[in-house]
Amino acid sequence: MPNIYPSASDASDALSVQAVDFTYGNGHSVFRNLSLSARQGEFVALLGPSGCGKTTLLNLLSGFQRPQAGQVLINGAPTRPELPELGYVFQSPQLFPWLSALENVRFGLRIAGRYDEREQREQALRYLRLVGLEAAAGRLPRQLSGGMQQRVSLARALALEPDVLLMDEPFAALDAISRASMNEETLRLWAELGQTVLFITHDIDEAVFLADRVVVLNIAPGGIHSELAIDLPRPRSNLQTRRLPAFLDYRNELMGRIAEVMAQSPFLLEPTS
Ligand SMILES: Nc1ncnc2c1ncn2[C@@H]1O[C@H](COP(=O)(O)OP(=O)(O)OP(=O)(O)O)[C@@H](O)[C@H]1O
Ligand SMILES: [Mg+2]
C-alpha cells in the first residue's frame, strides 16, 4: 500500500496544522508536534479510536482551542472561530426544535448577517433542495427522521458556502442504511460544491468510501500514525464501490493499522471504574 508517511504541507493548503502541541488545562496532553494538511478541494478522513483527540483537533482547527505551540492555518491565515471560510457539521444535528427546517437553515445566514430576509429564504431553500428536502421546508425537526434532520444540518452548514467543511462523526447516530445513503449524498454535494472536507469518523468503511486520503491517528499524545491515499474511481456509489476488491484491500489495510494503534494502548482495554 502506498503513501504511509504524512505528506508535507504547502503554502496553498486549505488547512494546515503545523507542529502543534496541545495539552488540556488538567495536564492531559493530546498532541505533541502534530502536523497535518489538506489541499484545496481534498476530502480527508481522520480515523482513530475513541479518545485519540479527533474532536480536539477539530476544535483547534476551528480556533475554539488554542495550541500551546505551533500554528493552525486556514487558507494560509491563522484560524479563528468566526472565520466565514469554515463550516461545521456535528454528530447530532443540533437543530432548534421550534424552528422549521427552512428557518433552521436560514438561522446561520441571519447570524452571519448575510443577505436580506428574502434572499436568506431563497438561499435556505436552494440548499434544502440540494439535500433533497425542499418539500419538507415547513416541517419542524420532530416531524423529520434522524437522517432528514442531519440533512437539514448539512444544508445549514452548506448554505454559508464555506471553503472548508469540518465534519465530526456526522452520521454516527444513523442506522446503517441511512448512513450509507448520507455517505453517497455527501460525495454528490462535495462533487458539486468542491469544498475541502475534513471528515472525522471511527468507521473504517466510511473513511475509505468517502476520502481521497485517510489519516490514522494514534492514541493521545501520539499524533499521526500514518496516512493512506485512497485511489478508488469517482463518482463512487454504495452498490459498486463497496464491492470493489480494492475497497476491501484498503479496508483490511486500515483495520490492521487500527489494530496496531490499539495494541500500543493496552490500558484502553482495562475496565473503567
Ligand atoms: N475539556 C477537556 N479537559 C481535559 N481532557 C479532555 C477534555 N476534552 C477531552 N479531553 C481528553 O482528551 C482526549 C481526546 O478527547 P477527544 O474528545 O478529542 O477525543 P475523540 O477522539 O474525539 O473521541 P471520541 O471518538 O470518543 O469522540 C481524551 O482522552 C479526553 O478524555
Ligand atoms: Mg469526538
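Model, not experiment: these values are computed from the prediction.

1. Describing the environment of Asn26
Within the secondary structure layout, Asn26 lies in the loop between β1 (15–23) and β2 (29–38). Residue Asn26 is classed as exposed on the basis of its relative accessible area of 66%. A distance of 3.0 Å separates a polar atom in the side chain of Asn26 from the backbone nitrogen of His28.

2. A short note on unusual backbone geometry
The omega torsion across Arg234 and Pro235 is 0°, close enough to zero to call that bond cis. Residue position: Pro235 is located in the loop between β10 (224–229) and α7 (238–241). Positioned with a positive phi, Ala19 is a non-glycine residue whose angle comes to about 45°. Relative to the helices and strands, Ala19 resides in strand β1.

3. Quick look at the packing of aromatic side chains
Counting across every chain of the model gives eight aromatic pairs. Between Phe43 and Phe199, the aromatic rings sit 6.0 Å apart at their centres with planes inclined by 35°, giving tilted as the arrangement. Residue Phe43 is found in strand β3 (residues 43–47), and its partner Phe199 is found in strand β8 (residues 196–201); the two are separated by 156 residues along the sequence. By relative accessible area, Phe43 is classed as buried at 0%.

4. Looking at the confidence of the model for the chain
Note that predicted coordinates carrying low pLDDT should not be read in detail. Here the chain shows a mean pLDDT of 90. Residues at 70 or above account for 93%. Overall, residues 1–6 carries pLDDT values under 50, and its contacts beyond four positions in sequence, including any with other chains, amount to 17 contacts.

Conventions and cut-offs
Residues numbered from 1 in each chain as written. Chains lettered and ligands numbered in written order. Predicted model: local features only at pLDDT ≥ 70, side-chain atom pairs only at ≥ 80, totals over all residues. Heavy atoms only, no water. Helix = DSSP H or I, 4+ residues; strand = E, 2+ residues; numbered from the N terminus. Buried < 20%, exposed > 50% of the residue type's maximum accessible area, 1.4 Å probe, protein only. Polar contact = N/O pair within 3.5 Å; in protein donor to acceptor, adjacent residues only side chain to side chain. Phe/Tyr/Trp six-rings, centres within 6.5 Å; stacked < 30°, edge-to-face > 60°. pLDDT = per-residue confidence, 0-100. Contact = heavy atoms within 4.5 Å.

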